[in-house]
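Structure assessment
The residues making up each chain are set out below.
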Amino acid sequence: MSSTLQIKTRCKEADREVEPVSPTGQYFNSKKLSICVLSVLESEVPIHIDTSGTMKLLQDVFLPINSRFSSIMMPQNRPLWELHLTKYPTSKAAGHCIFKLHHALGDGFSLMGALLSCLQRADNPSLPLTFPSLQPSSEPRNIPTSIPGCVPRTLSTIYNTTCDFSWSVLKSSLIADDKTPIRSNCGTVEFQPVRISTVALSLDLIKQIRTELGATINDVLTGIVFLGTRLYMQATGKQFSSSQSTALVLLNTRNINGYKSLDEMLKPDSRTKWGNQFAFLHVGLPELSDVISSDPLEFISEAQEIIHRNKNSLAVYLTGQSLETIRKCKGSEAAAEYIHTTLKNSSMTVSNMIGPVEQMSLANHPCKGLYFMVVGVPQSLTITILSYMRTLRIAVGVERGHIDVQKFNSCIEHAFQLIYNAAMKGQQKWNGGTTRGSIGLVWKGGFEGKEKGRELEEAKIL
């Protein structure tokens, strides 16, 4: 259905000079890459906004966020953003507000900050939104300060950096992952239809696992996703339990501890600049051996060790510098080609963000749920994670016809069940056999029932 709304936008040349498109933004605005971010807001009440109300919402709330939202950076057939209001109720919400934002505008941090500026607290609009703590539960590590203590750590960093950077270069140019149930190896996978579905997990239960393991929430979530992915691959064929599969984990390269206001991000000397400020981290999916199957917590430990090792090397920095060198020597199109090959040679992308603790509202419509998805990526599987109102929404975007999204969601739920039961079993032993409720009963309240949870909304992106 063609759009009947037209928004007149104006762009001053001064705005373009003050806010140039970041190099990474230029990669996304290329012939090889056209990646967008879908932000889905689930309305708690039916949406009663007519055409005039939509125009007022866009012109008074959305466009003033940033001059780039009313600029012309791309051809007319590739708009920077779109807004879709779905007034049909689903099992999850009474209506949906879907923002489709081109990745050239900014990364998840920038776009989330822009989206939050449009929203208010449902209980009291005058109060600011608050977010979960980013601090890990484990104690800080003791970093050696003496010369004898620093030498092994320095040598380890050099060794890890050399290995990780070399592996990253090979994965981005020559070595591709195996063809598996999560990687079709289709040459035009980014143009194939996509199905999107979500799984809801309780943030409080995730924190319980984090406390028991002395890890971070990111470690727990990564372990759940990796274990669930391997369970899906194993269910398709035993031989895929040890196949070579790599996940690209997105890292925010800003030195921050929370979201900043738009005014602060737009300052010339800001440490949290608007734009695309992130890097890829290659993480190989641990093999699903019999030992790990009997103790799923070992899967989290192995995933935690791999990510921790990569984070403490300089491979991410060197990869960013090499990409910048390609851009300066061969241009943005060559750098975009390099990123495209990096994505295509891997099996999946994992990205997570934090959302507010309180319920939000948009134009007096309380937001019941919130999640996002990255589309246009040359991969068969994309996973995003977002917390909102003490609930974690894992959004799964799959290539239609290659991945069974309902079966994959069931494997994610099963992985969470295995890890939670194992963590609570360890606490029972520690407490001398203290009994706890079944995880199935917890699911019934947290997920609104397993069967109902599988009736998740699905979108077909053509």
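Quick caveat, the model's predicted, so the values are computed rather than measured.

**A few points about the packing of aromatic side chains**
One pass over the full model with this rule turns up two aromatic pairs. Between Tyr232 and Phe408 the ring centres are 5.4 Å apart and the planes differ by 65 degrees, which places this aromatic pair in the edge-to-face class. Remark: Phe408 occurs in helix H13 (residues 405-430) and Tyr232 occurs in helix H7 (residues 217-236); sequence separation between them is 176 residues. According to the relative accessible area criterion, Tyr232 is buried, its value standing at 4%. A residue is classified by how much of its surface remains accessible, and Phe408, at 0% relative accessible area, is buried. Here the aromatic rings of Phe416 and Tyr420 are separated by 6.0 Å at their centres, their planes lie at 35 degrees, and the arrangement is tilted. Of this pair, Phe416 and Tyr420 both sit in helix H13, four residues apart, which is roughly one turn of the helix.

**What about the pairing of strand E10 (residues 365-375)?**
E10 sits mainly inside the fold: 10 of its 11 residues count as buried. Here strand E1 (residues 36-43) pairs with E10 via eight bridges, running antiparallel. What sits directly across from Leu41, in E10, is Leu370. Across two bridges, strand E9 (residues 360-362) lies against E10 in antiparallel orientation. Its bridge partner being in E10, Leu362 is matched across the sheet by His365. The loop that links E9 with its antiparallel partner E10 comprises two residues; one of these, Ala363, has a positive phi angle of about 55 degrees.

**Section: a nonpolar patch on the surface**
Residues Val151, Leu155 and Ile158 make up a contiguous nonpolar surface patch of roughly 270 Å² in combined accessible area. Looking at the element boundaries, Ile158 is found in helix H5 (residues 147-171). With relative accessibility at 48%, the residue Ile158 sits in the partly exposed group.

**Quick notes on the confidence of the model for the protein chain**
For the protein chain, mean pLDDT is 77; residues scoring 70 or higher make up 70% of the total. Mean pLDDT in the protein chain bottoms out at helix H14 (residues 439-446), which sits at 28, and peaks at strand E12 (residues 391-399), which reaches 96. Confidence drops under a pLDDT of 50 for residues 7-20, and excluding neighbours within four residues, the segment shows 17 contacts in the predicted structure. Below pLDDT 50 for its whole length, residues 429-462 participates in 63 contacts with residues either more than four positions away or in separate chains.

**What to know about the sheet that holds strand E4 (residues 120-121)**
What the six strands build is an open sheet, ordered E2-E3-E1-E10-E9-E4; its pairing is antiparallel. In the strand order of this sheet, the two ends are held by strand E2 (81-86) and E4, each with one partner. Taken strand by strand, helix H4 (residues 108-118) contacts E1, strand E3 (95-102), E4, E9 and E10, and its axis lies near 30 degrees from that of E1.

How each quantity is defined
The numbering scheme is per chain: residues are counted from 1 as the chain's sequence reads. Where local features are concerned, this predicted model is filtered to residues with pLDDT of at least 70; where side-chain atom pairs are given and counted, the filter is 80 or more; whole-chain, interface and lining totals use all residues. The side-chain quantities take in all heavy atoms of the structure and omit both hydrogens and water. Note on aromatic contacts: the rings of Phe and Tyr and the six-membered ring of Trp form a pair at centre separations within 6.5 Å, being stacked when their planes are under 30 degrees apart, edge-to-face when over 60 apart, and tilted otherwise. The numbering of helices and of strands both runs from the N terminus, where a helix is a DSSP run of H or I of at least 4 residues and a strand a run of E of at least 2. Partly exposed residues are those whose accessible area sits between 20% and 50% of the maximum for their type, while under 20% is buried and over 50% is exposed, using a 1.4 Å probe and protein chains only. Criterion used throughout: strands pair if DSSP finds at least two bridges between them. Each patch is built from residues that are more than 30% exposed by relative accessible area and take part in no salt bridge. Like charges join if they lie within 9 Å; nonpolar side chains (Val, Leu, Ile, Met, Phe, Trp, Tyr) join within 5 Å. Using the Shrake-Rupley algorithm and a 1.4 Å probe, accessible areas are obtained, with residue cover drawn only from the displayed protein chains. One speaks of a salt bridge when a side-chain nitrogen belonging to Lys or Arg is within 4 Å of a carboxyl oxygen belonging to Asp or Glu. Note: pLDDT gives the predictor's confidence per residue, expressed from 0 to 100. Note on contacts: a residue pair is in contact if any heavy atoms of the two residues lie within 4.5 Å. Working convention: axes come from line fits to C-alpha atoms, limited for helices to the stretch in contact. Angles between N-to-C directions cover 0 to 180 degrees.

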